[in-house]
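Residue-level structural notes
Each chain, written out:
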Amino acid sequence: MNPEEVYAMCMEFPYAEATFPFDSSTLVFKVGGKMFALYPLEKPELILVKCDPLRAIELREKHREINAAWHMNKKHWNQIDLTGSLSHSLIKELVAHSYNLVVAKLPRKTKDELNIK
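What you see is a predicted model, and the numbers here were worked out from it, not measured in a lab.

**Digging into the overall build of the protein chain**
Helix and strand content of the protein chain: 4 helices and 6 strands. Counting from the amino terminus, the protein chain carries its helices and strands in the arrangement α-β-β-β-β-α-β-β-α-α. Taking 2.2 N^0.38 as the reference for a compact globule, 117 residues should give roughly 13 Å; the C-alpha atoms of the protein chain span a radius of gyration of 14 Å, in line with that estimate. Summarising its shape, the C-alpha atoms of the protein chain cover approximately 40 × 30 × 25 Å along the three principal directions. Among the 117 residues that make up the protein chain, the fraction classed as buried is 43%. Carbon and sulfur atoms make up 53% of the accessible area of the protein chain, which totals about 6800 Å². Separation between the mean location of the 16 positive side-chain charges and that of the 15 negative ones in the protein chain comes to 9 Å.

Structure follows, in structure tokens:
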């Protein structure tokens, strides 16, 4: 998966925005001002996504390409190696899972402003 594909995949979610809040080499995808994916441009083989803690453990045990995310809360964030044998559909599903976790935790006011149910 190349950087253009990662960008397109993350930006297809409603109200997704791409930002550089930390530095010029870490692309952060947000919804409602909250992060759902990080894409380190200096390591384009990786993407970091949020995950339900129990599912995160299960995924790490099942797939060698999925590990606890470096420099993030390892209970809630996974690091995915995009150069491994994971299917594009699984990667997209994990990004969608992350997006949906973040949307579910958004304050009601933010959801109302974005017209998200």
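**Considerations on the packing of aromatic side chains**
Going through the model one piece at a time under the given rule, you end up with 5 aromatic pairs. An angle of 20° between the planes, with centres 4.8 Å apart, marks the rings of Phe13 and Tyr99 as stacked. Of this pair, Phe13 sits in the loop between helix 1 (3–11) and strand 1 (16–19) while Tyr99 sits in helix 3 (residues 88–105), and the two are 86 residues apart along the sequence. Classification of Phe13 as buried rests on a relative accessible area of 12%. Owing to a relative accessible area of 5%, Tyr99 belongs among the buried residues under this scheme. Members of the aromatic cluster, each reached through a chain of ring pairs, are Tyr7, Phe13, Phe29, Phe36 and Tyr99.

**Points about the pairing of strand 3 (residues 34–40)**
Counted residue by residue, strand 3 has 5 buried out of 7 residues, so it is predominantly covered. With 6 bridges connecting them, strand 2 (residues 26–31) and strand 3 associate as antiparallel partners. Following the sheet pairing, Leu27 is matched in strand 3 by Tyr39. As consecutive antiparallel partners, strand 2 and strand 3 are separated by 2 residues, and within that stretch Gly32 has a phi angle of approximately 60°, a positive value. As consecutive antiparallel partners, strand 3 and strand 4 (residues 46–50) are separated by 5 residues.

**What about the packing of helix 1 against helix 3?**
Their axes nearest at 10 Å, the elements helix 1 and helix 3 cross at an angle of 45°. Considered as vectors, helix 1 and helix 3 are oriented oblique to each other. For the pair helix 1 and helix 3, the sense of crossing is right-handed. Only His88, Ile91, Lys92 and Val95 of helix 3 make contact with helix 1, whose side of the interface consists of Glu5, Met9 and Cys10. Residues belonging to the contact of helix 1 with helix 3 are distributed by class as follows: 4 nonpolar, 1 polar and 2 charged.

**Details of the state of the cysteines**
Covalent bonding between the sulfur atoms of two cysteines is what defines a disulfide. Counted by the stated rule, this structure contains 0 disulfides. We note that Cys10 lacks a disulfide partner, and the nearest cysteine sulfur, in Cys51, lies 15 Å from it. A relative accessible area of 0% places Cys10 in the buried class.

So, how was this worked out
- Residues numbered from 1 in each chain as written.
- Predicted model: local features only at pLDDT ≥ 70, side-chain atom pairs only at ≥ 80, totals over all residues.
- Heavy atoms only, no water.
- Helix = DSSP H or I, 4+ residues; strand = E, 2+ residues; numbered from the N terminus.
- Rg over C-alpha atoms; globule rule 2.2 N^0.38 Å.
- Buried < 20%, exposed > 50% of the residue type's maximum accessible area, 1.4 Å probe, protein only.
- Areas by Shrake-Rupley, 256 points an atom, 1.4 Å probe, with all protein chains shown as cover.
- Lys, Arg positive; Asp, Glu negative; His and termini not counted.
- Charge placed at Lys NZ, Arg CZ, Asp CG, Glu CD.
- Phe/Tyr/Trp six-rings, centres within 6.5 Å; stacked < 30°, edge-to-face > 60°.
- Pairing = 2+ DSSP bridges.
- Axes fitted to C-alpha atoms, helices over the stretch in contact; angles between N-to-C directions.
- Parallel < 35°, antiparallel > 145°, perpendicular 65-115°, else oblique.
- Left-handed = near helix turned anticlockwise from the far one by under 90°.
- Contact = heavy atoms within 4.5 Å.
- Nonpolar A, V, L, I, M, F, W, Y, C, P; charged D, E, K, R; others polar.
- Disulfide = S-S within 2.5 Å.

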